[in-house]
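Descriptive structure summary
If you want the building blocks of each chain, they are given just below.
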Amino acid sequence: HQPVLLSHEHGFTYAAAGVQGTSSAGAFSLAASIAGTIKDATIVGTQMALRSQIDYESAARASSGGARAFRRTLDVVVENMFQSSRKRMEIDYFYGKSALAQCIGSTAAVGSSEVTLTIDKADWAAGIWAGMEGCAVTVFNATSATDQTPALATHSGTIKSVNLVRSGANYTITLENVGETAAVAADAVIFFNTAAAVDDAPTGSAAVSLNLFQGLHSIMSSTSSDSLFGIPCSNSLWQPNQLAAPAGVLNYKAISDAVANVVAKGLDEDLVCYINPLAWALLMQQQDVDARQSWVGNSPKSKTVGSDGVTFLAQNGKVSVKPSNYVKESQGFCIAPRLYKRIGATDLTFRLPDRGDEFFLHLQDKAGYELRAYVNHSLFTKAPGKGILLTGLVG
């Protein structure tokens, strides 16, 4: 439970002015107090667990080489678990409770065990899909392009291959072991397996349960008819901001225009703007053109071109632009990091609550050990109205 400010105090009184501005109001009467609005935001942590296994034979071979050899073998497994968990957590911080991607077509044929999904570049983030072969996903038919709670389950399966090279304006993902044989709709949406699940509603129709906290996209795409953390977004200070980048290009004009629309809500914190690497590349290329124009007449023998960071000065202060592989090509997230928190029962850990220092679990029906990673967390901001979701960027 977090208290948040939704409106200012309004119980002000102006005393009557005297002749030529000399105060003569004396002990003037005070207007009634009008308290500011403070509400309690409710945040529930999301649980996520990762299972990994080591068979007895591999463990025995590693042990025969001594403690160091066993430790090296174990380190490889644990490091992979750690990196895999951190990647999944990072993706969830951006797109928790939002679809990972929306299809614009598929090669699905009823009865086929494989399906290739086509995804428009605007809804693609290479970092989400790189290295995801073997990952289980669930695909739902959406009812509209913006529907994040689609009504009908169609396919679930594992990722067979990912085409990270754009073909025209699209990317493709191929699924195998498809669980159902109905055709995939053109606007179907993709979630990690168990992140979205189908429940039988009382009417007998299918309903979708989203088993994740709200990531940046879900938070910042909320409209006045939605609620965030139990508080209606109809409040002007609480409602997030969505702005389309002029001409689809991220530059100083786009940043300054976006900030200018938000400073009225009290934005005076420095911002970090996360964008896709391709949008970053276009920004760097434009900076390169501007830099070259400034060299005219200087005849430099050599110049270092490019940058590992760009900072704009705007009305709020600094806006630092950073690339992220987990941001979709058409989007940008401008946030004040100090206004965000990760809340939950525990950060990522390999020690289960009731196991003490015991690291390995014996498998019940297999000759091996199991390791588990666990996290209970959620993303929270006390001022969603000070964030900006940029849309319409082109790469």
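Analysis parameters
- Every chain begins its residue count from 1, and numbering advances along the sequence as written.
- Totals for whole chains, interfaces and linings use every residue, but because this is a predicted model, local features are given only for residues with pLDDT of at least 70 and side-chain atom pairs only at 80 or more, for both listing and counting.
- Side-chain descriptors were evaluated using all non-hydrogen atoms of the structure, hydrogens and water having been removed beforehand.
- Every helix listed is a DSSP run of H or I at least four residues long, and every strand listed is a run of E at least two residues long, numbered separately from the N terminus.
- Each residue is assigned to one of three classes by its accessible area relative to the maximum for its type, calculated with a 1.4 Å probe on protein chains only: buried under 20%, partly exposed between the two thresholds, exposed over 50%.
- For every accessible area listed, the method is Shrake-Rupley and the probe measures 1.4 Å; residues are considered covered only by the protein chains on display.
- Any two strands are treated as partners once DSSP identifies two or more bridges connecting them.
- Whenever a helix is involved, its axis is fitted only over the stretch in contact; in every case the axis is a line through C-alpha atoms, and angles between N-to-C directions fall within 0 to 180 degrees.
- By definition in these notes, contact holds between two residues if any of their heavy atoms fall within 4.5 Å.
- Pairs of N or O atoms within 3.5 Å make up the polar contacts considered here, provided that, within protein, one atom can donate a hydrogen while the other can accept it, and that residues adjacent in sequence are counted only when both atoms are side-chain atoms.
- Take a side-chain nitrogen of Lys or Arg and a carboxyl oxygen of Asp or Glu: if they are within 4 Å of each other, that pair is a salt bridge.
- To count toward a patch, a residue needs a relative accessible area over 30% and no salt bridge; like charges are then connected within 9 Å, while nonpolar side chains (Val, Leu, Ile, Met, Phe, Trp, Tyr) are connected within 5 Å.
- Buried Ala, Val, Leu, Ile, Met, Phe, Trp, Tyr and Cys residues form a nonpolar core when they are joined through side-chain atoms within 4.5 Å.
- Looking at any residue, its pLDDT shows the predictor's confidence there, from 0 to 100.

Topic: the overall build of the protein chain
Each helix and strand counted, the protein chain has six helices and 22 strands in total. Each of the 395 residues in the protein chain was classed as buried or not, and the buried ones make up 41%. For the protein chain, the exposed area adds up to about 20700 Å²; of that, 51% sits on carbon and sulfur atoms.

Here we look at the sheet that holds strand β15 (residues 271–275)
Pairing within the open sheet is mixed, and its six strands lie in the order β14-β22-β18-β15-β17-β16. Of all the strands in the sheet, the pair left with one neighbour each is β14 (241–244) and β16 (310–314). For this sheet, the mean inter-axis angle between neighbouring strands, taken without regard to orientation, is 20°. Pairing geometry for β16 and strand β17 (residues 317–323), over five bridges, is antiparallel.

Concerning helix α5 (residues 252–260)
Regarding α5, the residues found buried are A254, I255, S256, A258 and V259. Tucked inside the fold, the buried residues of α5 contact β14, β15, β16, β17 and β22 (388–391). Capping the start of α5 is the job of one residue whose side-chain oxygen sits 3.2 Å from the backbone nitrogen of K253: N251.

Concerning the pattern of salt bridges
On inspection of all chains with the given rule, the structure shows ten salt bridges. In this structure, D347 engages R86 in a salt bridge whose closest nitrogen and oxygen atoms are separated by 3.9 Å. With D347 in strand β19 (residues 340–349) and R86 in helix α2 (residues 67–95), the pair connects residues that are 261 residues apart, well separated along the chain. Among the residues examined, D347 registers a relative accessible area of 37% and is labelled partly exposed. The residue D257 makes a salt bridge to K253 at a minimum N-O spacing of 2.7 Å. Note that D257 and K253 are positioned in helix α5 at a spacing of four residues, about one turn of the helix.

Focus on the environment of T42
Tracing the backbone shows T42 in the loop between β2 (38–41) and β3 (46–55). Overall, T42 belongs to the partly exposed group, its relative accessible area being 38%. Taking C-alpha positions, T42 is 8.5 Å from I231, a pair spaced 189 residues apart along the chain. With sequence-adjacent residues up to four places away left out, T42 is seen in contact with H1 and F229.

Topic: a nonpolar patch on the surface
The grouping of V249, L282 and V394 at the surface amounts to a nonpolar patch, some 210 Å² of accessible area in total. Structurally, V394 is set in the segment after β22.

Some remarks on the pairing of strand β5 (residues 114–120)
Taken together, the three bridges between strand β4 (residues 101–106) and β5 define a ladder with antiparallel strand orientation. The partner of G105 across the bridge, within β5, is T118. When β5 meets strand β8 (residues 170–176), the two strands line up antiparallel, connected through seven bridges. Paired with T116 across the bridge in β8 is T174.

With respect to the nonpolar core
Counting 90 residues, the largest nonpolar core has W129, I159, L175 and I190 as its most contacted members. If you tally residues by element for this core, the top one is α2, at nine residues. Ignoring anything within four residues of it in the chain, the contact list for I159 reads W129, M132, E133, G134, C135, V137, I173, T174 and L175. Within the second largest apolar cluster, six residues are counted, among which are A99, V189, F191 and A196.

Quick notes on the confidence of the model for the protein chain
Residues at a pLDDT of 70 or more form 83% of the protein chain, whose mean pLDDT is 83. Within the model, pLDDT remains below 50 along residues 144–149, and this stretch shows eleven contacts once partners closer than five positions in the same chain are excluded.

Describing unusual backbone geometry
Here K97, not a glycine, exhibits a phi torsion of approximately 70°, which is positive. Assignment of secondary structure puts K97 in the loop between α2 and β4. A positive phi angle is found at A247, which is not glycine, with a value near 60°. For A247, a relative accessible area of 77% translates into the label exposed.

Concerning helix α1 (residues 56–64)
At the N-terminal boundary of α1, the capping side chain belongs to D55, with an oxygen 3.1 Å from the backbone nitrogen of E57. Taken from the residues just after α1, G66 is the one with a positive phi, measuring 100°.

Points about the side chain of N316
Topologically, N316 is positioned in the loop between β16 and β17. What makes N316 buried here is its relative accessible area of 6%. Those residues in contact with N316 that lie beyond four places of it in its chain are V259, V263, L267, D268, E269, D270 and L271.

A short note on the environment of T46
Following the sequence through the fold, T46 ends up in strand β3. Its relative accessible area of 10% is what places T46 among the buried residues. Setting aside residues up to four positions removed in sequence, T46 forms contacts with N211, L212, F213, V375, N376 and H377. A distance of 2.8 Å separates a polar side-chain atom of T46 from the backbone nitrogen of F213.

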